[in-house]
Amino acid sequence: MRPNTLAVAVLALLSGATSPVLAQLSPGATTTPAPTLSTQQKQTAVDSSTQATVNTTANVTLPAINMVIQQTLLGRSITGQRAAVDLVPAHRGQAAGDDAIGWQAWVQGNGGNSSSSLSVGGYNLGTYGTQAGLQAQLTPKLLLGISGSWQGSSGSMNGGFSSTNSTFGGTLYGGWQFDEAWNASATVGYSSGSSTMTNGLPSYNASYASSQWNFQGGLNGYYKVGRVVLSPAVSLLYTTINNYGYVDSAAVAVPGRSTQLTRGSAGGFISLPLDGWQPYVRATIEHDFAMPTGSEANGDTGGTVGVGATIPFNDTVWASIDGGYNSIGRIGLSLWSASARINVRF
């Protein structure tokens, strides 16, 4: 082989052997970076979990306490055994100055779903929990009680996140019958929670803690129109939630932040005492003067509807069941709840 031919063959061989290396080092070559999550994406996921927690408080935890207060102050005839073929007026015992009922304990289980179809901050979370209470009716017109609760949620959120939350809380509450047809109620509660969230792409996980204060006051009425019972109600709820800062699996420090809900509600119940049970329908209209971060797009005004019943077993034990849809008029929001409760006097 002539020298020139040999040189060309050697250069060709070297070029073929080194071409992959040259391609990797060429100026136009790029590599795909590993996906990352921004701080805003992480905080949006936390906000979604917060919304579900606040919804459970406003639509399940506090309404259960208020219902217990109303059942107690309305008297034995509404919630206990029927005194005769027909129910006597609900305030008969209180108006006559009878002795106070005394102690009462109750326990409730609940479940539901909280979902938002918004493209930013959307979520779909199952909610579940239990709560129990103990109260003393100090006089026929005054009661004080304490309630403990555990509430949880789990599900998915937009952006590839999954979330699990567990919250324990305690609430002090009271009711005062200041008029034959009206009573006032008040609750003060505190809860502490822990949450975890993960994301499969990229591989990501984080845990953080939260706390929540709840304050609610209300006025509740009672009127009879024939056999039908009308129970109007108005209330004002203020909730403040603190999500504490945390360091995630990417070693990034995510700052904490606080948010609030201030909600005014007006509505009530219509019930019909029947032989052995008392079914009802309920409805309220709500306006939020301040909303948790991320909830603004769902709207500040909405309503709730529901059905339920009180079922006495004897003069000291009765059950209550309730189910409802709690997001009428809320844009992209769907909130369902169901509960069952047992009450015992002693």
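Every value quoted in this text rests on a predicted model; they were computed, and no experiment measured them.

1. Points about the overall build of the chain
When you go through the chain residue by residue, the secondary structure sums to four helices and 15 strands. Buried positions account for 45% of the 346 residues belonging to the chain. Carbon and sulfur atoms form 66% of the exposed surface of the chain, whose accessible area is close to 16300 Å².

2. Observations concerning the packing of aromatic side chains
Both the distance between ring centres and the angle between the ring planes are used here to describe each pair of aromatic rings. One pass over the structure, following the stated rule, counts 10 aromatic pairs. Look at Tyr128 and Trp150: their rings are 5.8 Å apart centre to centre, the planes differ by 40 degrees, and that puts the pair in the tilted class. In this pair, Tyr128 sits in strand β2 (residues 123-139) while Trp150 sits in strand β3 (residues 142-157), placing the two residues 22 residues apart along the sequence. On the basis of relative accessible area, Tyr128 is assigned to the partly exposed category, the value being 30%. One aromatic cluster in this structure is built from Tyr190, Trp213, Phe215 and Tyr238.

3. Thoughts on the pattern of salt bridges
Should their charged atoms come close, side chains of opposite charge can pair. Under the defined criterion, the tally for this structure stands at seven salt bridges. We note a salt bridge from Arg263 to Asp288, for which the minimum N-O separation is 2.6 Å. Linking Arg263 in strand β11 (residues 257-271) with Asp288 in strand β12 (residues 278-290), this pair joins segments that are 25 residues apart in sequence. Of the residues examined, Arg263 reaches a relative accessible area of 9% and is grouped as buried. By relative accessible area, which is 5% here, Asp288 ends up buried. Taking the shortest distance from any N to any O, the salt bridge between Glu286 and Arg330 comes out at 3.4 Å. Placement of Glu286 in strand β12 and of Arg330 in the loop between β14 (317-328) and β15 (333-345) is noted, with a sequence separation of 44 residues between them. Side by side, Glu286 and Arg330 carry an identical accessibility label, which is buried. Through salt bridges with shared partners, a single ionic network connects Arg263, Glu286, Asp288 and Arg330.

4. Here we look at the pairing of β3
In this sheet, β3 lies alongside β2 in antiparallel orientation, the contact comprising 16 bridges. If you follow Gly126 over to β3, its bridge partner there is Ser154. Here β2 hands over to β3 after two residues, the two strands then running antiparallel side by side. Pairing analysis gives 16 bridges linking β3 to strand β4 (residues 161-176), with the strands arranged antiparallel. What sits directly across from Ser147, in β4, is Thr171.

5. Remarks on the pairing of strand β6 (residues 204-221)
Where strand β5 (residues 182-199) lies against β6, 18 bridges are found, and the strand directions are antiparallel. Pairing of Gly189 across the sheet is with Asn214, part of β6. Linking β5 to β6, which pair antiparallel, is a turn of four residues. Note that β6 and strand β8 (residues 228-243) share 11 bridges and pair antiparallel. Note on β8: the bridge partner recorded for Gln212 is Ile241.

6. Considering a nonpolar patch on the surface
A contiguous nonpolar surface patch, about 850 Å² in accessible area, is contributed by Trp103, Val107, Leu134, Ile146, Leu172, Phe313, Ile342, Val344 and Phe346. Among the secondary structure elements, those contributing two or more residues to the nonpolar patch are β1 (103-116) and β15. Mapped onto the fold, Leu134 is located in strand β2. Leu134 sits in the partly exposed class, given a relative accessible area of 36%.

7. Notes on the nonpolar core
Ranked by internal contacts, the top residues of the largest apolar core, which has 16 residues, are Phe161, Met197, Tyr204 and Tyr246. When residues of this core are traced back to their parent elements, those giving at least two are α2 (39-73), β2, β6 and β15. Leaving out residues up to four positions away in the same chain, Phe161 has contacts with Leu37, Gln41, Lys42, Ala45, Gly155, Ser156, Met197, Thr198, Asn199 and Tyr204. Core analysis: the second largest hydrophobic core is formed by seven residues, Ile65, Val68, Ile69 and Trp106 among them.

Rules used throughout
- Residues numbered from 1 in each chain as written.
- Predicted model: local features only at pLDDT ≥ 70, side-chain atom pairs only at ≥ 80, totals over all residues.
- Heavy atoms only, no water.
- Helix = DSSP H or I, 4+ residues; strand = E, 2+ residues; numbered from the N terminus.
- Buried < 20%, exposed > 50% of the residue type's maximum accessible area, 1.4 Å probe, protein only.
- Areas by Shrake-Rupley, 256 points an atom, 1.4 Å probe, with all protein chains shown as cover.
- Phe/Tyr/Trp six-rings, centres within 6.5 Å; stacked < 30°, edge-to-face > 60°.
- Salt bridge = Lys/Arg side-chain N within 4 Å of Asp/Glu carboxyl O.
- Pairing = 2+ DSSP bridges.
- Patch = residues over 30% accessible without salt bridge, like charges linked within 9 Å, V, L, I, M, F, W, Y side chains within 5 Å.
- Core = buried A, V, L, I, M, F, W, Y, C linked by side-chain atoms within 4.5 Å.
- Contact = heavy atoms within 4.5 Å.

None of this, on its own, says anything about what the molecule does.
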